[in-house]
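# Understanding the architecture of this molecule
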Amino acid sequence: MINSSIQQRDGVLNVANKDSDLMKYQNLSVQYYPAYQRITDNQAILKAFNTKGKILFPQIDKIEGGTINNINEKGEVNALKFMVIVYVKEQLSSQDVVKLKSWMESEANMPVILNVQISSDNEDNIISGNGISW
């Protein structure tokens, strides 16, 4: 009888611990799922940019990018824009850049900030922008 009582009590505690752990896991998954979804979406967009973009614009060497996040009044983080760096083998015409940006915005389903750079050996050390007084 004593052993039976101990087993029942341990069983109830184990179930309670499992339920508590489950609730903790569910709460964490609700918090982190949007970030996971954003990363997954970014990867899909970049894959599309790199595969389709190189076909549409043969001058493209590679494309890098990701979402630019903003914090709204409620303190929530929103992905509002997609920042893209396009490395090209040769310069694009202004008409091609407009077409490229328009196509990227339709693929990403959000506004795109586009930066076009000539491919070089030192792509990790790029500093550019119209707000720099050289």
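The structure contained in this document is the topic of the report that follows.

Each value, and the rule that gives it
Residues numbered from 1 in each chain as written. Predicted model: local features only at pLDDT ≥ 70, side-chain atom pairs only at ≥ 80, totals over all residues. Heavy atoms only, no water. Helix = DSSP H or I, 4+ residues; strand = E, 2+ residues; numbered from the N terminus. Contact = heavy atoms within 4.5 Å. Areas by Shrake-Rupley, 256 points an atom, 1.4 Å probe, with all protein chains shown as cover. Pairing = 2+ DSSP bridges. Axes fitted to C-alpha atoms, helices over the stretch in contact; angles between N-to-C directions. Salt bridge = Lys/Arg side-chain N within 4 Å of Asp/Glu carboxyl O. Buried < 20%, exposed > 50% of the residue type's maximum accessible area, 1.4 Å probe, protein only. Phe/Tyr/Trp six-rings, centres within 6.5 Å; stacked < 30°, edge-to-face > 60°.

With that settled, the discussion passes to the overall build of the protein. The number of helices and strands found in the protein is two helices and three strands. For the protein, the α and β elements follow one another from N to C terminus as α-β-β-α-β. Once local pairs closer than 6 in sequence are excluded, the contacts in the protein between residues at least 24 apart make up 58%. On the protein, roughly 10,100 Å² of surface is accessible, and the fraction owed to carbon and sulfur atoms is 54%.

Taken in spatial order, the three strands of this open sheet run β1-β2-β3, and their pairing is mixed. The sheet is open, and its two borders are formed by β1 (60–71) and β3 (112–118), each paired with just one other strand. Mean inter-strand twist for the sheet, computed between neighbouring axes without regard to direction, equals 20°. When strand β2 (residues 77–88) meets β3, the two strands line up parallel, connected through seven bridges. Considered in β3, the bridge of Met 83 is made with Ile 113. Across the sheet, helix α2 (residues 94–108) is in contact with β1, β2 and β3; its angle to β3 comes to roughly 135°.

Considering all chains together, one arrives at three salt bridges under this definition. A salt bridge links Lys 62 to Glu 64, with the shortest nitrogen-to-oxygen separation between them at 3.4 Å. What makes Glu 64 partly exposed here is its relative accessible area of 33%.

The tally for this structure, following the rule as stated, stands at two aromatic pairs. Arranged with centres 5.7 Å apart and planes meeting at 90°, the rings of Phe 49 and Phe 82 form a pair that is edge-to-face. Note that Phe 49 is positioned in helix α1 (residues 2–56) and Phe 82 in strand β2, a separation of 33 residues in sequence. Summarising the burial analysis for this pair, Phe 49 and Phe 82 share the class buried. Centre to centre, the rings of Phe 49 and Trp 103 are 5.6 Å apart; their planes meet at 50°, and the pair counts as tilted.

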